[in-house]
Amino acid sequence: MQFDPFYINNAVAALDQTSATEQQLTNEISSGVRVNSLSDDPVAAGENVLLSSQLNLDDSFSQTESSTVGMLQVTDSTLGSVVSQLTKALSLATGANNGTMNASDLQQVSTELAGIRDEVLSLANTPYASQYIFSGSQGGTAPFTLNSGTTPSTVTYNGDTAVSYVTTPTGQQIQINLPGSQIFTNATNNVLQTLNNLVADYSSGTVSSTAASDTTALTSVLNYVGQQRVILDNSITQLQSAQTYTQTQGTQITSAQTNLLQADVAQVATQLSTAETQQAALTQVVNLLEQNSGGLFSVLQ
């Protein structure tokens, strides 16, 4: 019986497939990587794309977190200085209201309060990385200007009321700014106007009839600024916690990618040995089939 060429073609195809498998396994052992292309393992390749996307998102957040926390820490430190200045102003106003100071002393208090007001105004115009931190979204514009042509003096806010947020990789939104109008010219607790009023209360050398109420207002704004600092402190804590979580997640993702893509050398070596054995056997069969044009029985001999 003449042997059908169909069998030869099948044997050659099997040999080619085994050779390709052997080459792939050899590459895996050499590189230590199991998945080099989508065709190697579509499921693993797809999972790796998702993991890489999450890792890129985490890396992007880490960069944002670093600069944002730096800005918030400067903002918090600035408000801490404002609290110190307001505490000094409260001490001066309380002393001026006790009825023991003469005209010269009261005018000196007014001068010192004006100095404190100017220092607070300067702090309210603090920049960070070339952007004013209390201007809302108008970072290129100095938020406050003083008009000393009136009595008492007035302050104009030039920023806006925009509140900005950072979104963490888990979707949490964290507030990262405080508009200056919310802190320094708030309708209920107006820091700068209260200081302006106190400057005017003692400028004539006498204690004005509004000095006591303005001093009470100063106590209120002092407490208010302290409360605003809590918002910043909470944001810093949340950002740092999110950063810690992101770093941990990044380590886990990197490990998962390694496990997903890394070759199991021992297993691959066993598979390679099997493929080599199969290749040797198929090579022998193909040679015999190509050399023998006889029947199936003679080929098997």
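Residues numbered from 1 in each chain as written. Predicted model: local features only at pLDDT ≥ 70, side-chain atom pairs only at ≥ 80, totals over all residues. Heavy atoms only, no water.

Visitor: Mind laying out unusual backbone geometry, listing which residues take part and the relevant values?
Guide: For the peptide bond that leads from T151 to P152, omega is -5°, which places it in the cis range. Phi is positive for A129, which is not a glycine, with a value near 55°. If you trace the backbone, A129 turns up in the loop between β1 (127-128) and β2 (131-132). With phi around 70°, S130 is a residue other than glycine that occupies positive phi space. Locating S130 in the fold gives a position in the loop between β1 and β2. Take S130: its relative accessible area is 67%, and that puts it in the exposed class. (Helix = DSSP H or I, 4+ residues; strand = E, 2+ residues; numbered from the N terminus. Buried < 20%, exposed > 50% of the residue type's maximum accessible area, 1.4 Å probe, protein only.)

Visitor: Break down the confidence of the model for the protein for me, citing the residues and quoting the values.
Guide: Residues with a pLDDT of 70 or more make up 73% of the protein, whose mean pLDDT is 84. Segment residues 293-301 is flagged for pLDDT under 50; beyond a separation of four residues in sequence, or across chains, it makes 13 contacts in the model. (pLDDT = per-residue confidence, 0-100. Contact = heavy atoms within 4.5 Å.)

Visitor: So what's going on with the packing of aromatic side chains? Residues and values would help.
Guide: Inspection of the entire model under this criterion finds 3 aromatic pairs. Aromatic side chains F144 and F184 sit 5.6 Å apart centroid to centroid with 80° between the ring planes, which places their arrangement in the edge-to-face category. Placement of F144 in strand β3 (residues 144-147) and of F184 in the loop between α4 (180-183) and α5 (191-202) is noted, with a sequence separation of 40 residues between them. Overall, F144 belongs to the buried group, its relative accessible area being 3%. (Phe/Tyr/Trp six-rings, centres within 6.5 Å; stacked < 30°, edge-to-face > 60°.)

Visitor: Could you give an account of the nonpolar core, with specific residues and numbers?
Guide: Ranked by size, the top nonpolar core spans 47 residues in total, and within it L86, F184 and Y202 carry the most contacts. At the level of secondary structure, the elements contributing two or more residues to this core comprise α2 (42-96), α3 (103-124), β4 (154-157), α5 and α6 (211-261). Of the residues forming this core, the biggest block, 12 residues, is contributed by α2. If near-sequence neighbours (up to four positions away) are discounted, F184 is found in contact with L79, V82, V120, A124, F134, F144, N190, V191 and L192. (Core = buried A, V, L, I, M, F, W, Y, C linked by side-chain atoms within 4.5 Å.)

Visitor: So what's going on with the environment of M71? Which residues, and what values?
Guide: Mapped onto the elements, M71 comes out in helix α2. Sequence separation between M71 and I133 is 62 residues, and the spatial gap between their C-alpha atoms is 7.8 Å.

Visitor: Kindly report on the pairing of β4, identifying the contributing residues and their values.
Guide: Side chains V155 and Y157 project from β4 onto a buried face, and the interleaved T154 and T156 project onto a face without burial. Bridging between β3 and β4 involves 4 bridges; their strand directions are antiparallel. What sits directly across from F144, in β4, is Y157. Hairpin connection, β3 to β4: the antiparallel pair is bridged by 6 residues. (Pairing = 2+ DSSP bridges.)

Visitor: I'd like a rundown of the pattern of salt bridges, residues and numbers included.
Guide: Under the definition given, this model contains 2 salt bridges. The partner of D76 in a salt bridge is R229, with the nearest N and O atoms 3.2 Å apart. Taken together, the residues span a long stretch of sequence, with D76 in helix α2 and R229 in helix α6 at a distance of 153 residues. Its relative accessible area of 24% is what places R229 among the partly exposed residues. Across the pair D118 and R117 runs a salt bridge, and its minimum N-O distance is 2.7 Å. For D118, a relative accessible area of 38% puts it in the partly exposed group. Since its relative accessible area comes to 7%, R117 is described here as buried. (Salt bridge = Lys/Arg side-chain N within 4 Å of Asp/Glu carboxyl O.)

Visitor: Describe the environment of Q182, with residues and values.
Guide: With respect to the helices and strands, the residue Q182 is situated in helix α4. Judged by its relative accessible area of 22%, Q182 falls in the partly exposed class. C-alpha separation for the pair Q182 and D160, spaced 22 residues apart in sequence, amounts to 9.8 Å.

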